[in-house]
Amino acid sequence: MVTKSVTINNQVGLHARPATFFIQKANEFRCSIWVEKDDRKVNAKSLLGVLSLGIVCGTEINLIADGADEEQAVETLADLVNSQFEE
């Protein structure tokens, strides 16, 4: 299991379009991936789950992955967040 903390710094947070990019990227991996905010943890491959966390700009979240490609998954998603969801 791999965990990494990242801070959401894009203006709109993890809503609508950025969340869609995030979900699409998460679904490229075979491992299980979760997003944790405060005391809630949701499936990173579920748009409804991610949107339900209400992640706004400045929020720190934990990316958690468990499985064959866990390290690559966490690094790729952290890079996406750090790039402010720019393709």
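Conventions we followed
- Residues numbered from 1 in each chain as written.
- Predicted model: local features only at pLDDT ≥ 70, side-chain atom pairs only at ≥ 80, totals over all residues.
- Heavy atoms only, no water.
- Helix = DSSP H or I, 4+ residues; strand = E, 2+ residues; numbered from the N terminus.
- Buried < 20%, exposed > 50% of the residue type's maximum accessible area, 1.4 Å probe, protein only.
- Contact = heavy atoms within 4.5 Å.
- Polar contact = N/O pair within 3.5 Å; in protein donor to acceptor, adjacent residues only side chain to side chain.
- Expected span 1.5 Å × (residues − 1).
- Arc of directions from axis to C-beta.

A.B. asks: Where do I start with the environment of arginine 30 in this structure?
C.D. replies: Looking at the element boundaries, arginine 30 is found in the loop between α1 (16-26) and β2 (32-37). On the accessibility criterion, arginine 30 (68% relative accessible area) is exposed. Sequence separation between arginine 30 and proline 18 is 12 residues; the distance between their C-alpha atoms is 21 Å. The residues touching arginine 30, leaving out its near neighbours within four places in the chain, are Lys45, Ala68 and Asp69.

A.B. asks: Quick question: what am I supposed to make of the environment of arginine 40 here?
C.D. replies: Along the chain, arginine 40 turns up in strand β3 (residues 40-43). In sequence terms arginine 40 and aspartate 66 are 26 residues apart; their C-alpha atoms lie 17 Å from each other. For arginine 40, the contacting residues outside a window of four places in its chain are Val35, Ser52 and Leu53. Separated by 3.1 Å, the side chain of arginine 40 and the backbone oxygen of serine 52 make a polar contact.

A.B. asks: Explanation requested: helix α3 (residues 70-82) in the structure shown.
C.D. replies: Along an α-helix, residues three or four apart share an orientation, since each turn contains 3.6 residues. Taking 1.5 Å per residue, 13 residues should reach 18 Å; α3 reaches 18 Å between its end C-alpha atoms and fits that length. Every buried residue of α3 is listed here: Glu70, Ala73, Val74, Leu77, Ala78, Leu80 and Val81. End-on, the buried residues of α3 take up no more than an arc of 160°, which puts them together on one face. Facing away from the buried side of α3 by more than 90 degrees, the exposed set consists of Glu71, Gln72 and Asn82. At its buried positions, α3 is contacted by β1 (2-7), α1, β2 and β4 (60-66). Count one or two residues on from α3 and you reach glutamine 84, which has phi positive near 60°.

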